[in-house]
Every structure is written in structure tokens, then in C-alpha cells.
2 protein chains.
Amino acid sequence: MEKQSVTIYTVAREANVSMATVSRVVNGNQNVKPETRDKVLAVIKKLNYRPNAVARGLASKKTTTIGVVIPDITNDYFAELALGIDDIATMYKYNMILTNSDADGSSAIKVVQNLFAKQVDGVIFMGHDIEDQLQAEFSKATVPVVVAGSLTNDKNIPSVRIDYEQATKEAVSFLLKHGNKKVALLIGSRETTINKFNRIPGYKAALKQAHVKFNDSLVFEADDSYENGYKLAKQMVKKGITAAFVSDDSSAAGLLNGLTDSNVKVPEDFEIITGNDTKLATITRPTLTSITQPLYDVGAVAMRLLTKLMSNDNDDEEKQPVILQHGFEERQSTR
Amino acid sequence: MEKQSVTIYTVAREANVSMATVSRVVNGNQNVKPETRDKVLAVIKKLNYRPNAVARGLASKKTTTIGVVIPDITNDYFAELALGIDDIATMYKYNMILTNSDADGSSAIKVVQNLFAKQVDGVIFMGHDIEDQLQAEFSKATVPVVVAGSLTNDKNIPSVRIDYEQATKEAVSFLLKHGNKKVALLIGSRETTINKFNRIPGYKAALKQAHVKFNDSLVFEADDSYENGYKLAKQMVKKGITAAFVSDDSSAAGLLNGLTDSNVKVPEDFEIITGNDTKLATITRPTLTSITQPLYDVGAVAMRLLTKLMSNDNDDEEKQPVILQHGFEERQSTR
DNA sequence: ATGAAAGCGCTAACAT
DNA sequence: ATGTTAGCGCTTTCAT
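Anyway, here's the lowdown on the structure attached to this text. This structure is a prediction, so every number in the text was calculated from the model and none was measured.

Let us look at the overall build of chain A. Within chain A, the secondary structure is distributed over 13 helices and 12 strands. Taking 20 Å as the expected radius of gyration for a compact globule of 335 residues, we find that chain A reaches 25 Å, considerably beyond that expectation. Taken along the three principal axes of its C-alpha coordinates, chain A extends 85 × 35 × 35 Å. Looking at the 335 residues of chain A, the share that counts as buried comes to 58%. Residue pairs at least 24 apart in sequence account for 68% of intrachain contacts in chain A once pairs closer than 6 positions are excluded.

What follows is the structure, given as C-alpha cells:
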């Protein structure tokens, strides 16, 4: 019950100084005589005093806590971004409140509002589905928000990511050059910004360059998951498709295994390129040819950007999207 | 700068009531005349008032935030536990501060102390390496701590898990029955409670039952990771080992691929059983025979237990470990 | 270099 | 049913 009974006041009395001095010592303020500092430090140690971060947050209006929204913590793509975020956050002494936006009955908006209510100093949002209402919430937020590993069409919401359009184009062009006539595109919802304005245009650009007509039925929408990829294998084969660019690695792994289990040989009869380059891409057999991207860095850079925004308050320069370089690695799922 | 300028006081004034009444409305206290409630609610909506959780936390000494320690967010085992934790936490209106204990320079103890400083209402600890000093920290904590997916040898620290000793024994016995003379055990550090007091004894029990002499050089220690498993493949083959029980799925997947890449056929020439039954076990080819366990439930039950402990204060009944049922699923990595 | 005192925004007795 | 008031534990002017 007597949670945290030793307060700054206890220390002050015990050390014969005012709370202000104790506060200064705790916060590393230089205006304290060395002897006083040592005396206070000794008492702090003796009493095992630990500052109450909640009280500190209320008084200073800074919680040294950020909010991180993640659609699915068990998806390697987001987990690897989160690792980068957390490492840098730790480095800057921030904690992160992590919330699954896919969780039971909690819309992303509620989740974000709750984060703001907890007075987080900033938010990193992961996920592709950023509806207008959510963007509005971000815009009127009093703390900075950074989107990691995706993007919105609101120019005022900074993001850290790769060039998804160009990456998609490269992958699809590669598949086309191998003589595949029917190249599928497997993505999440077509209505998300990343798919509507980046991946689908990239896909179309590749087709155009190869003088292949766009066929809408070759675009597959499915939530990112192994199971969904697996299920689509038969459908694709039935349609005469011989290659696919899959944005999510779990889906790509599912597709691969679905094909293999249907006795379709990869890469001989079907080529796959995946988009995220998580560990999964090298665990499957055959391994997955992939667009490569520095996932950890995307998270880490997003967090770095957030720290800047949290201190600068209003530097519009910082709102530019940060585009990291992507690459391409041929593995066993392409010829 | 004017972060959260509308406070409970603003609402009170605007609605011509006292802050206490507003507080009652916000907290769903029944002692408010319906008309008053409506009036206040209207003002809240109009002003878009959102209670400041930090102030609330300071005044009430409850933050509705729990701390969750995870060794590696990109390891499916922990990620799936975390998913269960988060779902139940959300259900009970708790947020979770997630901290990677493997992160740069942050020992588990510091991480936990920081969590307490943030006044979390409880902690769920994941990870196998729980040294004495950390256990001491848990014991003197003023808020409850639950270990999920592992255990300590301190009877006063509740845990939610499966019977690792029995599970290991079953797996190893299975391998022995298939005529394997040299069965390896691949685990993390032998000094962790889970390995020292559960898995190794389970391994030994199986050997004893089959009248096979324990050979210490068949026990391999390596941090859970795909790479470590992969590297060990050659060593194991060189030693004439023909089967292994691997506690972690990433390591098992690595071992499997390492063997395959060395032209050792699984399961014909080498059998593998893995211990965690994450999604990885069905993604590899061949798929991995596995001890099955309800990972999501382990997390979910741990969180449920924590909520009980957080409200009951001191019910010693609740400190009993919760042992969930495990199973065994034969897949393609055993004959 | 140090202290006094006023909050931060809320909850929780205690009155009425 | 509603209001008054005293904190919660700290930071931060403002004095000295």
C-alpha cells in the first residue's frame, strides 16, 4: 500500500536542504555546490529514493514516453521496425507504450487518442491503413507524429520509408523480363496510400514499360498473413499466373508453400519476389528473392526524427519524408 | 506549447458545476443527477475535453499501465506471448510499456527499475535469464510481477507456463524410441532456471528411462537465434548426432536449414523436434515436429493473473504457478 | 548556490 | 446530489 513512501521531501529533510536542491541534484543541474550534491546523493542512496516519473511528468509536461502503434506484433516486418525504434528510444531515455491497433475492438483512432491522453511526448505510427479521420487526429495533435514503414498522402505527416513505387517497379520488371506473361501483384487493401499511390502505380509502370496490358484481376488484395498467401496459391495457378510480387513476406511465404504443396515448382514454374526482406525470406526453402530494405534503420531513423521533432517544436524542414535506399537480392525463388 | 489547455476546471466552469462533479461524470460515478450529467457531457464534447492520464495517475496512484519486459521482440515465441498479453490488457483498459531487455546497455534490472519509476501497476516479465538480483527486485516490488513463458526458482514469483520438464522428456523419449543413439539438446544458457531445473532434468529422465548414458557434450548452449542453430548443424553431424530437441524455434529452423544445406536429409538422417510451436514450425520445409503449447494463452493468462493480483493486493493463493497443457505434434522433421 | 512557494490536472475524503 | 479542499510528488519561477 505504501507505494513509494520516500519522496523528494523525505530526502530534502534528511539532507537538511530544500526540495528544490534535491530536484536540482536529481536533474543534474549545475547550480549546486559539490559538497551539497554529495550530501544529497548520499541520502538518496541511503533512502533508496527513486523519483516518481508520474509526478515529474505532471510538473514538467514531459513524460519521456512515446506511443508506438503496431498493427501486428507477430509480423516480422513491424517487429523489426519496432526493434529499431526501441533501441533508439532507449538510447534517448524514452520508453514506449506499444499498442496493437488490430486488437479487439480498438480502432486505430481510439488507440491514438488514448496515447495522447497518456501525455506521450510523441507517436510513431506503423501500419498502412491511415484513414482521413486518423490523419486529422495526427494533424491537430500537440505532439509530433512520425509514420514508419509506410506513408500517408498528407504532406504534413512525416514518414520514414523506402520508395515503394520504384521498388515495386523494379521487382515486376524483373519478373516480366523473365518472360512471365501474367504477373500477379499481391498486396493488402488497394485503398491504402501505399498501395493506391505507390505499389499499384509501380506495378503499372513496369507493365507499361514492357508493353503488357494491365489486367485488374491480377491484383490480389488480402491482409498480410501466411494463411492468406497460402490460400491464394491455387487461385493464381488456376488463372495461369506464373509469377508474383508480394508486398508482405508472411504472405509470400504462404504463397510459396501453397504452391509447393500443390506441386507447382518454384522457381521453375512460378517465380516469387517478396517486398520486405524480413528474416522469413531466408528461412523458407527455396529462399525468397526480395526487395531489400533496412528495416531496423527505418525504425531507428523514425525514432531519431521523432526526437528532433519533440525538441524543435516546429521545424517545418523536418517534416520532409525520409526515403532510405532499397536494394534487390536474388535468391532461389526466381530463375 | 499549449498542450491540453482544456482541463477539468475549464469544463466545470463552463458547465456551472464543481470539478468534483465533472470528475464524477468522467469516472462514471452514479451519484450525479442525470440532467447534470448530460449538461457536463455536453460541455465535455463541446470543448473536446480529454482527461489527463498523468494527473489522474498522480492523484489516484494508479496509472492503468503495466510494464512488459521482452528479450527480443522479433522472436516469434515472445511476440506471440506479447500478443496475448496485449489483447487482455486492452480488454482491461491497460496500456503496456514494452521494453526490450536485450537492448543496448540496459540490463534487465535497470529496465525493471525504470518501469517501477514510471509507476506501472504491474509487470509481466518474459525471458529465461532471471538472476538473483532481479528476483530480489521483484520480491521487494510494491506492485505484482508475473513471469510469462518461463519461471524462476523463487516460489513467490508467480508464473504462467507449461511443464517444460515433462515436455522435454516426451520429446527426447520420442527421439530415443526411433533408435537415435546420440540425441542432442539445444538450449540457451544452462544456468537459467528453465534449463537447469526443467529441460536438462527432463532430458536426463528420458535418457535414463531408455538406459542411455548422459553425455554432457551432447548439450549445446546457444542464444536463441536462427544463425546459432544454423552454425551448429555441422558440429552436430561431426559428432555423430542423429537427432535433436531444440527449445527455440528460430534455432530449430536454423539447424534444419543448416543440415539441409550440408546435404543431411531431415528426417531420414537427422530428426528434429522443436519446443515452442510458433508459426515458424509450419513455415519451414520440412515442417517441424513440435511440442505444442498455447502461446497466446500463456500471455493472456499471465495478464489475467496480473489483473487479479493488481486488485487483490495480497492474495497468496494467486501466487501459485499456472501450468497450461502442452501437446505434441508430429510433422515432417521426424520419421 | 539555495530556498520558498506556486502550480501541473486530477482524485478523494469530507461537508453539506 | 453537489461542492470544498487538501493533497499526489515533482518542476520551476522568483527571491535572496
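Following the structure, the description resumes.
A few words now on the interface of chain B and chain A. Each partner contributes residues to the interface: chain B has 56 residues there, and chain A has 56 residues. For the pair chain B and chain A, the summed buried area comes to about 4,900 Å², and 54% of that belongs to carbon and sulfur atoms. The partner of A:D261 in a salt bridge is B:R285, and the shortest N-O contact between them spans 2.6 Å. Run the count over chain B and chain A and you get 21 residue pairs in polar contact (both at pLDDT 80 or more).

Here we come to the sheet that holds strand β4 (residues 145-148) of chain B. Taken together, 12 strands build an open sheet; the order of strands is β11(A)-β5(A)-β4(A)-β3(A)-β1(A)-β2(A)-β2(B)-β1(B)-β3(B)-β4(B)-β5(B)-β11(B) and the sheet is mixed. Each end of this open sheet is capped by a strand with a single partner; those strands are β11 (322-323) of chain A together with β11 (322-323) of chain B. Packed on one face of the sheet, helix α13 (residues 295-312) of chain A meets β1 (65-70), β3 (123-126), β4 (145-148), β5 (159-161) and β11 of chain A and runs near 170° to β4(A).

Considering all chains together, one arrives at 10 aromatic pairs over all chains under this definition. Between A:Y77 and A:F78 the ring centres are 5.0 Å apart and the planes differ by 70°, which places this aromatic pair in the edge-to-face class. The residues A:Y77 and A:F78 share a single accessibility class, namely buried. Ring geometry for B:F174 and B:F328: centres 4.9 Å apart, planes at 50°, overall tilted. Taken as a pair, B:F174 in helix α8 (residues 164-177) and B:F328 in strand β12 (residues 327-329) lie far apart in primary sequence, 154 residues in all. It is A:R199 that lies over the ring of A:Y164; its NZ or CZ is 5.5 Å from the centre. B:K204 extends its terminal NZ or CZ atom over the ring of B:F214, reaching a point 4.6 Å from the ring centre.

Note on strand geometry: in a regular strand, side chains alternate between the two faces of the sheet. Residues and elements named next belong to chain A. What you see with strand β9 (residues 271-274) is no split at all: E271 and I273 on one side and I272 and T274 on the other are buried throughout. Bridge count between strand β8 (residues 243-246) and β9: 4 bridges; the pairing is parallel. In the strand pairing of β9, A244 is matched with I272. Assessed by its sense of winding, the connection that carries the chain from β8 through helix α11 (residues 249-261) to β9 is right-handed. The pairing of β9 with strand β10 (residues 289-292) spans 2 bridges and is parallel.

The subject of this paragraph is the pairing of strand β8 (residues 243-246) of chain B. Residue and element names in this part refer to chain B. Alternating positions in β8 separate into two faces, A243 and F245 on one and A244 and V246 on the other, with burial throughout. Two elements, strand β6 (residues 183-187) and β8, share 4 bridges in a ladder whose sense is parallel. The residue of β8 that forms the bridge with L186 is V246.

Below, the discussion takes up unusual backbone geometry. All names here are of chain A. A cis amide bond links V266 with the next residue in sequence, P267, at an omega value of 10°. Looking at the secondary structure, you find P267 in the loop between α11 and β9. In this structure, P286 follows R285 across a cis peptide bond, with omega equal to -10°. Structurally, the position occupied by P286 is in the loop between α12 (280-283) and β10. One non-glycine residue, N48, lies in positive phi territory at about 55°. Here N48 falls in the partly exposed class, since its relative accessible area comes to 42%.

Let us now look at the sheet that holds strand β6 (residues 183-187) of chain A. Residues and elements named next belong to chain A. What the 6 strands build is an open sheet, ordered β7-β6-β8-β9-β10-β12; its pairing is mixed. The sheet is open, and its two edges are formed by β7 (219-221) and β12 (327-329), each paired on a single side. When the angles between neighbouring strand axes are averaged without regard to direction, this sheet yields 20°. Across 3 bridges, β10 lies against β12 in antiparallel orientation. If you follow S290 over to β12, its bridge partner there is E329.

The rules we used
Residues numbered from 1 in each chain as written. Chains lettered and ligands numbered in written order. Predicted model: local features only at pLDDT ≥ 70, side-chain atom pairs only at ≥ 80, totals over all residues. Heavy atoms only, no water. Helix = DSSP H or I, 4+ residues; strand = E, 2+ residues; numbered from the N terminus. Rg over C-alpha atoms; globule rule 2.2 N^0.38 Å. Buried < 20%, exposed > 50% of the residue type's maximum accessible area, 1.4 Å probe, protein only. Contact = heavy atoms within 4.5 Å. Buried area = accessible area lost by both parts, 1.4 Å probe. Salt bridge = Lys/Arg side-chain N within 4 Å of Asp/Glu carboxyl O. Polar contact = N/O pair within 3.5 Å; in protein donor to acceptor, adjacent residues only side chain to side chain. Pairing = 2+ DSSP bridges. Axes fitted to C-alpha atoms, helices over the stretch in contact; angles between N-to-C directions. Phe/Tyr/Trp six-rings, centres within 6.5 Å; stacked < 30°, edge-to-face > 60°. Lys NZ or Arg CZ within 6 Å of the ring centre and 35° of its normal. Right-handed = clockwise from strand over helix to strand, strands pointing away.

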